[in-house]
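Structural overview
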Amino acid sequence: MKLVYAFDAYCGWSHGFSATLRDVVARHPALPVEVVSGGLFTGARRVPLRAFGYIQGANAEIARLTGAEFGEPYERLIADGTFVMDSEAAARGLAALRRAAPDRAAELAVALQRAFYVDGLGLSDPATLRKVAGDAGLDADAVVAAFEGAGAEARADFDRAAALGVTGFPTLLALRGDHVTPLAHGHSTADEIDRRLASLRTS
């Protein structure tokens, strides 16, 4: 069995799920975790933040339910309203980081989201990727070099999420062979996920 975590780096609820993801990974170190990027803000949805009037209210609810931090630099991006979230670029960033450290994909996904939601750094900027890679002790030059050429991996991630039936982010799945079992969608605690995993193991 392995876990598949489908998220979007520009999804606030995925950011709110970060602590749960860390707990689940820490509790189940023997379970491989595949991390797949979604395409939440692509095509016609790639517009300035000001177009999403619900974001501040949603963030307040996410913080209330999960304790997630939204930093002042990010809040300034919201107030300005001109920043454009590009999920394809974020997915390329995750792909480049994942290529450098496949077994740390969950940790790196969390770090990528923190760069945006806490530090207010755009995920289309190679300098952001350089910082995330450097902070993780990875070869930052190699990660940045891989970033531009990771378009095929980003598209493969979007296709993978769709093939698994993912319709929203975050989604955590358990895979046993061809059998897919949803463990969490949106907000969930590590204890709730543990109970679902336990029932899978006894079924």
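Calculation rules
- Residues numbered from 1 in each chain as written.
- Predicted model: local features only at pLDDT ≥ 70, side-chain atom pairs only at ≥ 80, totals over all residues.
- Heavy atoms only, no water.
- Core = buried A, V, L, I, M, F, W, Y, C linked by side-chain atoms within 4.5 Å.
- Buried < 20%, exposed > 50% of the residue type's maximum accessible area, 1.4 Å probe, protein only.
- Helix = DSSP H or I, 4+ residues; strand = E, 2+ residues; numbered from the N terminus.
- Salt bridge = Lys/Arg side-chain N within 4 Å of Asp/Glu carboxyl O.
- Contact = heavy atoms within 4.5 Å.
- Pairing = 2+ DSSP bridges.
- Axes fitted to C-alpha atoms, helices over the stretch in contact; angles between N-to-C directions.

What about the nonpolar core?
The biggest cluster of nonpolar side chains holds 54 residues, and the ones touching the most others in it are Met-85, Leu-97 and Phe-116. Ranked by residues supplied to this core, first place goes to helix α6 (residues 105-117) with nine residues. Counting 10 residues, the second-largest nonpolar core is a separate cluster that includes Ala-161, Leu-164, Val-166 and Leu-173.

Comments concerning the pattern of salt bridges
Under the counting rule described, the total for this entry stands at 14 salt bridges. Between Arg-64 and Glu-61 there is a salt bridge, and its shortest N-O distance comes to 2.8 Å. One end of the pair is Arg-64 and the other is Glu-61, both in helix α3 (residues 55-66) and three residues apart, which spans about a single turn. Take Arg-64: its relative accessible area is 58%, and that puts it in the exposed class. Three or more residues are tied together by salt bridges with common partners; here these are Lys-2, Glu-34 and Arg-160.

Remarks on the environment of Thr-128
Positionally, Thr-128 belongs in helix α7 (residues 126-135). Sequence separation between Thr-128 and Leu-112 is 16 residues; the distance between their C-alpha atoms is 8.5 Å. Residue contacts for Thr-128: discarding those within four places in its chain leaves Ala-115, Leu-121, Gly-122 and Leu-123.

What to know about the sheet that holds strand β3 (residues 171-176)
Read from one edge of the open sheet, four strands run β2-β1-β3-β4, paired in mixed fashion. Looking at which strands have only one partner, the edges of the open sheet turn out to be β2 (33-37) and β4 (179-185). Strand-to-strand, the axes of this sheet are offset by a mean angle of 25 degrees, without reference to chain direction. In terms of strand pairing, strand β1 (residues 2-7) meets β2 through five bridges, oriented parallel. Along β2, the bridge assignment pairs Phe-7 with Ser-37. Sheet strands in contact with α6 are β1 and β2, and its direction is about 35 degrees off that of β2. Where helix α9 (residues 151-163) meets the sheet, it contacts β1, β2 and β3, and its direction lies at approximately 110 degrees from that of β2.

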